[in-house]
Amino acid sequence: IIRGLKAKLKISNLRIAKLFARHMKPAQQESFLKEGCSLAVGTPSRVQKLIDLGSLDLKSVSLICFDMKKDAKKLQIFTLKDMERDMLKLFHSHIYPSMAETTMKKAAQKSQKLCFF
């Protein structure tokens, strides 16, 4: 997803937060996010954890993008049961409430957008 978005946006110098368990521990990701980033990409469970820790605030996010590309086993986010459960939990507990709140204030600020890439 990172390569695809960079190519689509034609930007090479983005500061990207990789919010995956294999890249960094949550504490390292927290400090990276505090320094600011242009783009954050991660698994639903790690994003949920960082939101719950207060390190990631969806109110400052204008685009929420989910990677729909199939992996080597031809699986994607909604065909992996654990990932699907984590995704729906994240959407129900954080994304939908944040988008609904932002949409209500749309006249005063830009609204959030949801993307499946």
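Preceding this section is the structure that the text describes.
If you're wondering where the values come from, they're calculated on a predicted model, not measured in any experiment.

Procedures and definitions
Residues numbered from 1 in each chain as written. Predicted model: local features only at pLDDT ≥ 70, side-chain atom pairs only at ≥ 80, totals over all residues. Heavy atoms only, no water. Helix = DSSP H or I, 4+ residues; strand = E, 2+ residues; numbered from the N terminus. Buried < 20%, exposed > 50% of the residue type's maximum accessible area, 1.4 Å probe, protein only. Contact = heavy atoms within 4.5 Å. Patch = residues over 30% accessible without salt bridge, like charges linked within 9 Å, V, L, I, M, F, W, Y side chains within 5 Å. Areas by Shrake-Rupley, 256 points an atom, 1.4 Å probe, with all protein chains shown as cover. Salt bridge = Lys/Arg side-chain N within 4 Å of Asp/Glu carboxyl O. Core = buried A, V, L, I, M, F, W, Y, C linked by side-chain atoms within 4.5 Å.

A.B. asks: Any details on the environment of Phe-78? Residues and values, ideally.
C.D. replies: Mapped onto the secondary structure, Phe-78 falls in the loop between strand E3 (63-66) and helix H4 (81-104). Relative accessible area serves as the criterion here: at 32%, Phe-78 is assigned to the partly exposed category. With near-sequence residues (within four places) excluded, Phe-78 lies in contact with Met-68, Glu-84, Met-87 and Phe-116.

A.B. asks: Outline a nonpolar patch on the surface, supporting the account with residue identities and numerical values.
C.D. replies: Nonpolar side chains collect at one region of the surface, where Phe-78, Leu-88, Leu-114 and Phe-116 lie side by side and expose about 340 Å² of accessible area between them. Take Phe-116: it is sitting in strand E4 (residues 113-116). What makes Phe-116 partly exposed here is its relative accessible area of 44%.

A.B. asks: Now, about the nonpolar core: what can you tell me, with residues and values included?
C.D. replies: Here is a general trend for soluble globular proteins: nonpolar side chains tend to be buried in one another's company. Judged by nonpolar contacts, the single largest core of 16 residues is most densely connected at Leu-19, Leu-56, Phe-66 and Ile-95. Elements that contribute at least two residues to this core include exactly strand E1 (16-19), helix H2 (26-34), helix H3 (44-52), E3 and H4. Tallying contributions element by element places H4 first for this core, with four residues. One finds Ile-16, Phe-20, Leu-39 and Val-41 within the second-largest nonpolar core, a separate group that totals six residues.

A.B. asks: With reference to specific residues and values, describe the pattern of salt bridges.
C.D. replies: If charged atoms from side chains of opposite charge come close, those side chains can pair. Enumeration over the complete set of coordinates arrives at three salt bridges. For Lys-81, the salt bridge identified is with Glu-84, shortest N-O distance 3.5 Å. Of this pair, Lys-81 and Glu-84 both sit in helix H4, three residues apart, roughly one helical turn. Accessibility expressed as a relative area gives 63% for Lys-81, which makes it exposed.

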